[in-house]
Amino acid sequence: MTYTAATLREVTARRRFAETHYPTRTPLDLLTVSNPKVAKGAAELGYLPAVLHLAPHTLSGANLCPWASRECAAGCLNTSGRGGIALDASGLNAIQAARVRRSAMMIIEPDAFAAQLVAEVQRHARTAARHGLRPCIRLNGTSDVAWHRTFPQVIAATLETGARLYDYTKRPVPDAAAAGIDLTYSYPGGEGKAARRYLESGYRCAVVFDTPRGAPLPDEWHAPWGNAYPVIDGDAHDLRFTDPAGVIVGLRAKGRLRGALASRFGFVQSSLQV
Ligand code: SF4
């Protein structure tokens, strides 16, 4: 991936800001590894997940979500949970600052970034094995990077460990699947041309509903193009690659999206599907 000089300057400036305002004594880890005692649902399915959280959309100074809609960028899950607590005027807290620093490392020092990421993936695989589990990894926890194009060596090294790779994406074509990444298309609102393409090719499609926490999701999603698709509960666990093909992965609105107005062609869909 090549970046303009202006983008590199901006990324460097934001990294410096993050380092200055949120200094840490510990080295920057790239992967966030689940604790098998906490991620019980995943452990019951035989997996230990790890996620790479980068700074979404343009938060790092470079756009890591080139297909984001205005609504999804505004309501990104990046700020759900601890990621959204006590944000400063720049939209940062310690968690967001770490995401900016990881993104900057990826952009400015790609070789060092790739080497560290591969080392952490291998360590994760050993940890999973110690627990009698299989590793699984989401590289786009809060980004939409085309890893198969920008860091194919990371994809190859990850698959070599036996880890499952899976991601949500808004990329209009499922080309990353050929590289061994399990894909779930993430509906950003609109007419849904890409969503239809993915579903008709047997992929899943994630849709955010205004369903409150704990309440049941609708049984079906009535897509903008007129077809209806069965909805499964995507909040039960995150291991999308264990889901059936061609279904809607229903997600309840969280973080800044909680309470957002649902609309027919919006990022948040109504739980009253008629
Ligand atoms: S594409 Fe995904 S990660 Fe990027 S801004 Fe939208 S919801 Fe967030």
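Residues numbered from 1 in each chain as written. Predicted model: local features only at pLDDT ≥ 70, side-chain atom pairs only at ≥ 80, totals over all residues.

Draft legend 1. Spatial organisation of the site of the ligand. What surrounds the ligand is the set P56, H57, C65, A68, C72, A73, C76, N78, T142, S143, D144 and K170. Across the shell around the ligand, the residue classes tally to 6 nonpolar, 4 polar and 2 charged. (Near = placed C-beta within 6 Å. Nonpolar A, V, L, I, M, F, W, Y, C, P; charged D, E, K, R; others polar.)

Draft legend 2. Spotlight on helix 1 (residues 5-21). Over its 17 residues, helix 1 runs 24 Å from end to end, which matches the ideal 24 Å to within 8%, given 1.5 Å per residue. For helix 1, the complete set of buried residues consists of V11, R14, R15 and A18. One face of helix 1 carries all of its buried residues, which in axial projection span an arc of 105 degrees. Across helix 1 from its buried face, at more than 90 degrees, point the exposed residues A5, A6, R9, A13, R16 and T20. Contacts from the buried residues of helix 1 go to helix 4 (94-108). (Helix = DSSP H or I, 4+ residues; strand = E, 2+ residues; numbered from the N terminus. Expected span 1.5 Å × (residues − 1). Buried ≥ 20, exposed ≤ 12 C-beta atoms within 10 Å, placed from the backbone. Arc of directions from axis to C-beta. Contact = placed C-beta atoms within 7 Å.)

Draft legend 3. Just the packing of helix 5 (residues 110-130) against helix 7 (residues 152-160), in detail. Their axes nearest at 10 Å, the elements helix 5 and helix 7 cross at an angle of 15 degrees. With respect to each other, helix 5 and helix 7 are oriented roughly parallel. For the crossing formed where helix 5 meets helix 7, the hand is right-handed. Packed against helix 5, whose contacting residues are A114, L117, V118 and V121, the element helix 7 presents Q153, V154, A157 and T158 at the interface. Across the contact of helix 5 with helix 7, the residue classes tally to 6 nonpolar, 2 polar and no charged. (Axes fitted to C-alpha atoms, helices over the stretch in contact; angles between N-to-C directions. Parallel < 35°, antiparallel > 145°, perpendicular 65-115°, else oblique. Left-handed = near helix turned anticlockwise from the far one by under 90°.)

Draft legend 4. Geometry of the pairing of strand 3 (residues 134-138). Extensive coverage of strand 3 is indicated by the burial of 4 of its 5 residues. For strand 2 (residues 47-52) and strand 3, the ladder comprises 5 bridges, and the chain directions are parallel. The partner of Y47 across the bridge, within strand 3, is R134. Pairing of strand 3 with strand 4 (residues 164-169) involves 2 bridges; the strand directions are parallel. Looking across to strand 4, one finds that C136 is bridged to R164. (Pairing = 2+ DSSP bridges.)

Draft legend 5. How the structure looks around helix 8 (residues 193-200). Along helix 8, the positions that sit buried rather than exposed are A194, A195, Y198 and L199. Buried residues of helix 8, seen end-on, are gathered within an arc of 135 degrees and therefore sit on one face of the element. Along helix 8, the residues that are exposed and aim more than 90 degrees away from the buried face are K193 and E200. In this structure, the buried residues of helix 8 make contact with strand 5 (181-186), strand 6 (204-209) and strand 8 (228-233).

Draft legend 6. Inspection of the nonpolar core at higher detail. With 66 residues, the main nonpolar core has Y185, C205 and V208 as its most contacted residues. Per element, the largest residue contribution to this core is 7 residues, and it comes from helix 4. C205 has contacts with T184, Y185, Y187, A195, Y198, L199, I248 and V249, leaving out every residue within four places of it along the chain. (Core = buried A, V, L, I, M, F, W, Y, C linked by C-beta atoms within 7 Å.)

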